[in-house]
Amino acid sequence: MDILICAACARPLTDAVRLMDAVPDLPPWDGSPGPDGLRRSPATMPRGRYAVQPDHRGAPFVPCPEEDEDAYDGIHPGGPWASDERGWLVSAGPRNQYVLHPDDVLPLDLQPEPLRSSGCCGAAGADGPNRVCACGAEVATLYADCSTPYEILFAPGAVRVVPAPRPGGRIPDHPSSCRTYE
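Residues numbered from 1 in each chain as written. Predicted model: local features only at pLDDT ≥ 70, side-chain atom pairs only at ≥ 80, totals over all residues. Heavy atoms only, no water.

A.B. asks: Please explain the pattern of salt bridges as it appears in this structure.
C.D. replies: When the charged atoms of two side chains with opposite charge come close together, those side chains can pair. Applying the stated criterion across every chain yields a total of 3 salt bridges. Across the salt bridge formed by Arg-47 and Asp-104, the nearest N and O atoms sit 2.9 Å from each other. Residue Arg-47 is located in the loop between strand 2 (18-19) and strand 3 (49-53), and its partner Asp-104 is located in the loop between strand 7 (97-100) and strand 8 (109-110); the two are separated by 57 residues in the primary sequence. One salt bridge connects Asp-84 with Arg-86, and the closest N-O pair in it is separated by 2.9 Å. With a relative accessible area of 28%, Asp-84 lands in the partly exposed category. Residue Arg-86 is classed as partly exposed on the basis of its relative accessible area of 44%. (Salt bridge = Lys/Arg side-chain N within 4 Å of Asp/Glu carboxyl O. Helix = DSSP H or I, 4+ residues; strand = E, 2+ residues; numbered from the N terminus. Buried < 20%, exposed > 50% of the residue type's maximum accessible area, 1.4 Å probe, protein only.)

Written out as structure tokens, the structure is:
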């Protein structure tokens, strides 16, 4: 089992999670509200698991190469479609982000720019990282809109993966002035 910690301050950001070999296929969704009344797709990841997303995800978005326009599949494979005056857009955001179920993440602060958390039914994640550590470092992008998968992605440079300590144990490289893992 592992936890993700902030690369800037070593604060724990997740519950203990186990690595999966690959990100599962997106679950089917008919657009209807879920049992909680919210209009968002089912979570990409099962609780207690994480995986590495090999595809580009998130901002910035760039024009789709002309040779790929006939096979266009959204801003990332299977993602929403987007275009502007430049044509169809694809993600040029980071690769190899850690993807988790949002409920496996400890409370994070909103990124102070309101646009970063915009969306019609929840955070769309289209404008860059929208979650920050208590130290102020941008660490993650929550996708929770009706047009996105339901997941949270941590950029590999913003976090470190470390073994999960036993309850009450110290987190490796965690400043002694901060709390231990609970």
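A.B. asks: Hey, could you run me through the side chain of His-101 in this one?
C.D. replies: Summarising the element assignment, His-101 is placed in the loop between strand 7 and strand 8. What makes His-101 buried here is its relative accessible area of 10%. One polar contact links the side chain of His-101 to the main-chain amide nitrogen of Asp-103, over a distance of 3.0 Å. (Polar contact = N/O pair within 3.5 Å; in protein donor to acceptor, adjacent residues only side chain to side chain.)

A.B. asks: Quick question: what am I supposed to make of the layout of surface pockets here?
C.D. replies: Taking a probe equal in size to a water molecule and rolling it over the atoms shows the remaining empty space. Each pocket or cavity is described by its volume, and for the largest pocket that value is around 190 Å³. As for the largest pocket, its lining consists of Val-23, Pro-24, Asp-25, Leu-26, Thr-44, Gln-53, Asp-55, Arg-57, His-76, Pro-77, Pro-149 and Glu-151. For the lining of the largest pocket, the residue count by class is 5 nonpolar, 3 polar and 4 charged. (1 Å grid on protein atoms, 1.4 Å probe; cavity = no way out; pocket = protein on both sides within 12 Å on 5 of 7 lines; lining within 4 Å. Points joined across faces, edges and corners; volume = space filled by probe spheres on them. Nonpolar A, V, L, I, M, F, W, Y, C, P; charged D, E, K, R; others polar.)

A.B. asks: How should the side chain of Gln-111 be read in this particular structure?
C.D. replies: Secondary-structure assignment places Gln-111 in the loop between strand 8 and strand 9 (131-132). Here Gln-111 falls in the buried class, since its relative accessible area comes to 9%. For Gln-111, the side chain forms a polar contact with the side chain of Glu-138, separated by 2.9 Å.

A.B. asks: For this particular structure, what's the right way to read the packing of aromatic side chains?
C.D. replies: Two aromatic rings are characterised by how far apart their centres lie and by the angle between their planes. The tally for this structure, following the rule as stated, stands at 4 aromatic pairs. Considering the side-chain rings of Tyr-72 and Trp-81, the 5.0 Å spacing of their centres and the 90° angle between planes classify their relative orientation as edge-to-face. An aromatic cluster of at least three residues, connected via ring pairs, comprises Tyr-72, Trp-81 and Trp-88. Note that Arg-57 overlies the ring of Tyr-143, its terminal NZ or CZ placed 4.8 Å from the centroid. (Phe/Tyr/Trp six-rings, centres within 6.5 Å; stacked < 30°, edge-to-face > 60°. Lys NZ or Arg CZ within 6 Å of the ring centre and 35° of its normal.)

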